[in-house]
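Spelled out, the chains give:
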Amino acid sequence: MNTGTTPPPPPGVGIVDDDRELRTALRLLLESAGHVVETWADADACLAAMHPQRSGCLLLDLRLPGMSGLSLQKALHERGIELPVILLSGHADTAIAVRAMHEGAFDVLQKPCEPAVLLATVADAIAEDAARRQRRAPHEHARQRLAQLSERERAVFDGIVAGRLNKSIAAELGLTESTIEVHRRNLMRKLGAGTLTELVQLHVAASTNGTDPRTPYHALDLWMPPRRPADDG
């Protein structure tokens, strides 16, 4: 039976690199490991395809034509798209990598990257994305419940959880106390809440997201510069 809801797409890996041969090689490697892969040649094409419900991770070249990989990462965050980002560079240095990690990158890998290292990093990034979404699920559910309220009911709700009495809320909204009481009963019914405590708990859950978006995926003091061929002696 059709319930009218569409299940979310499976986690995938997005690749943004202007090198067609490298995009193809990465896509084939990741698909061979069972990943759903989508590729783009530039940042604008990637942004056009993104939406907040997308899950998985992104592989971004640091030196893209036009918008750089770092700039694309920032643009994604500004749009509320918090996918783990793995940056790829043939010119990576410590300063760039530290900046990338400060700005929320999951990891920085140097091209060419060993297939096993790339696959392991992608698997870790997808697992982190899934864990973060699971942490956020109760908070998203709370927001969805509050979205059922009308504008007036939401105003009354905000007054209630702020600890104000019906008389104070009525004066603020230009309504009678009896009208506030009607709105109060209606919003509690819509929210499935029976007590003031439940309303406050719902407010707290909706006001947080389960994670601090400013916190990098990895502690910066554990980061090591990417290995270069010369490092192997």
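Calculation notes
- Residues numbered from 1 in each chain as written.
- Predicted model: local features only at pLDDT ≥ 70, side-chain atom pairs only at ≥ 80, totals over all residues.
- Heavy atoms only, no water.
- Helix = DSSP H or I, 4+ residues; strand = E, 2+ residues; numbered from the N terminus.
- Contact = heavy atoms within 4.5 Å.
- Areas by Shrake-Rupley, 256 points an atom, 1.4 Å probe, with all protein chains shown as cover.
- Pairing = 2+ DSSP bridges.
- Axes fitted to C-alpha atoms, helices over the stretch in contact; angles between N-to-C directions.
- Buried < 20%, exposed > 50% of the residue type's maximum accessible area, 1.4 Å probe, protein only.
- Core = buried A, V, L, I, M, F, W, Y, C linked by side-chain atoms within 4.5 Å.
- Salt bridge = Lys/Arg side-chain N within 4 Å of Asp/Glu carboxyl O.
- Arc of directions from axis to C-beta.
- Right-handed = clockwise from strand over helix to strand, strands pointing away.
- Parallel < 35°, antiparallel > 145°, perpendicular 65-115°, else oblique.
- Nonpolar A, V, L, I, M, F, W, Y, C, P; charged D, E, K, R; others polar.

## A word on the overall build of the protein chain
Part 1 of the reasoning: When you go through the protein chain residue by residue, the secondary structure sums to 9 helices and 5 strands.
Part 2 of the reasoning: If you take every contact in the protein chain between residues at least 6 apart in sequence, the share linking residues at least 24 apart comes to 65%.
Part 3 of the reasoning: Carbon together with sulfur atoms contributes 54% to the accessible area of the protein chain, which is approximately 13,100 Å² in total.

## Things to note about the sheet that holds strand E2 (residues 36-40)
Part 1 of the reasoning: Read from one edge of the open sheet, 5 strands run E2-E1-E3-E4-E5, paired in parallel fashion. Every interior strand has two partners, whereas the edge strands, E2 and strand E5 (107-110), have only one. For this sheet the average axis-to-axis angle between neighbouring strands, irrespective of direction, equals 20 degrees.
Part 2 of the reasoning: Relative to strand E3 (residues 56-61), strand E1 (residues 12-16) runs parallel, the two sharing 5 bridges.

## So, the environment of Ser71
Part 1 of the reasoning: Along the chain, Ser71 turns up in helix H3 (residues 69-78).
Part 2 of the reasoning: According to the relative accessible area criterion, Ser71 is partly exposed, its value standing at 37%.
Part 3 of the reasoning: Between the alpha carbons of Ser71 and Ala43 there is a distance of 8.8 Å; along the sequence they are 28 residues apart.

## Here's the deal with the environment of Cys113
Part 1 of the reasoning: Following the sequence through the fold, Cys113 ends up in the loop between E5 and helix H5 (115-146).
Part 2 of the reasoning: Sequence separation between Cys113 and Ser89 is 24 residues; the distance between their C-alpha atoms is 9.5 Å.

## Brief notes about the nonpolar core
General note: in soluble globular proteins, nonpolar side chains tend to be found buried as a group.
Part 1 of the reasoning: Counting 23 residues, the largest nonpolar core has Val16, Met50, Leu58, Leu60, Leu72, Leu76 and Leu87 as its most contacted members.
Part 2 of the reasoning: Listed in part, the 18 residues of the second largest apolar core include Ala193, Leu202, Ala205 and Ala206.

## A closer look at the pattern of salt bridges
Part 1 of the reasoning: In the structure shown here, the tally under the stated rule is 9 salt bridges.
Part 2 of the reasoning: Linking Asp17 and Lys111 is a salt bridge whose minimum nitrogen-to-oxygen distance equals 3.3 Å. One end of the pair, Asp17, is in the loop between E1 and helix H1 (20-32); the other, Lys111, is in the loop between E5 and H5, and 94 residues separate them in sequence.
Part 3 of the reasoning: Asp17 gets classed as buried once you look at its relative accessible area, which sits at 1%.

## Here we look at helix H7 (residues 166-173)
Part 1 of the reasoning: Where H7 is concerned, the buried positions are Asn166, Ile169 and Ala170. With its buried residues spanning 100 degrees around the axis, H7 presents them on a single face. Residues of H7 that are exposed and angled more than 90 degrees away from the buried face: Lys167, Ala171 and Glu172.
Part 2 of the reasoning: Each element contacted by the buried residues of H7 is listed here: helix H6 (151-161) and helix H8 (177-191).
Part 3 of the reasoning: Directly after H7, the chain includes Gly174, whose backbone phi takes a positive value near 70 degrees.

## Thoughts on unusual backbone geometry
Part 1 of the reasoning: Following Lys111, the chain continues to Pro112 via a peptide bond in cis, the omega torsion being -5 degrees.
Part 2 of the reasoning: In this fold, Pro112 is placed in the loop between E5 and H5.

## Digging into the side chain of His183
Part 1 of the reasoning: Topologically, His183 is positioned in helix H8.
Part 2 of the reasoning: Discounting residues that sit within four places of it in the chain, His183 has contacts with Arg152, Glu153, Val156 and Leu175.

## Here we look at the pairing of E2
Part 1 of the reasoning: Relative to E2, E1 is paired through 5 bridges, and the arrangement is parallel. Note that in E2 the partner of Ile15 across the bridge is Thr39.
Part 2 of the reasoning: Chirality of the crossover, the property in question, places the unit of E1, H1 and E2 among those that are right-handed.

## Things to note about helix H9 (residues 196-206)
Residues separated by three or four positions in an α-helix point in the same direction, a consequence of the helix having 3.6 residues per turn.
Part 1 of the reasoning: Every buried residue of H9 is listed here: Leu199, Leu202, Ala205 and Ala206. Buried positions in H9, seen along its axis, are confined to an arc of 125 degrees and lie on one side of it. Of the residues in H9, the exposed ones pointing more than 90 degrees away from the buried face are Thr197 and Gln201.

## Topic: the packing of H6 against H8
Part 1 of the reasoning: It is the contact of H6 with H8, at a shortest axis distance of 9 Å, that shows an interaxial angle of 95 degrees. With respect to their mutual orientation, H6 and H8 come out roughly perpendicular. Across the interface between the two elements, Arg152, Glu153, Val156, Phe157 and Ile160 from H6 touch Ile180, His183, Arg184, Asn186, Leu187, Lys190 and Leu191 from H8.
Part 2 of the reasoning: A class-by-class count of the residues in the contact of H6 with H8 yields 6 nonpolar, 2 polar and 4 charged.

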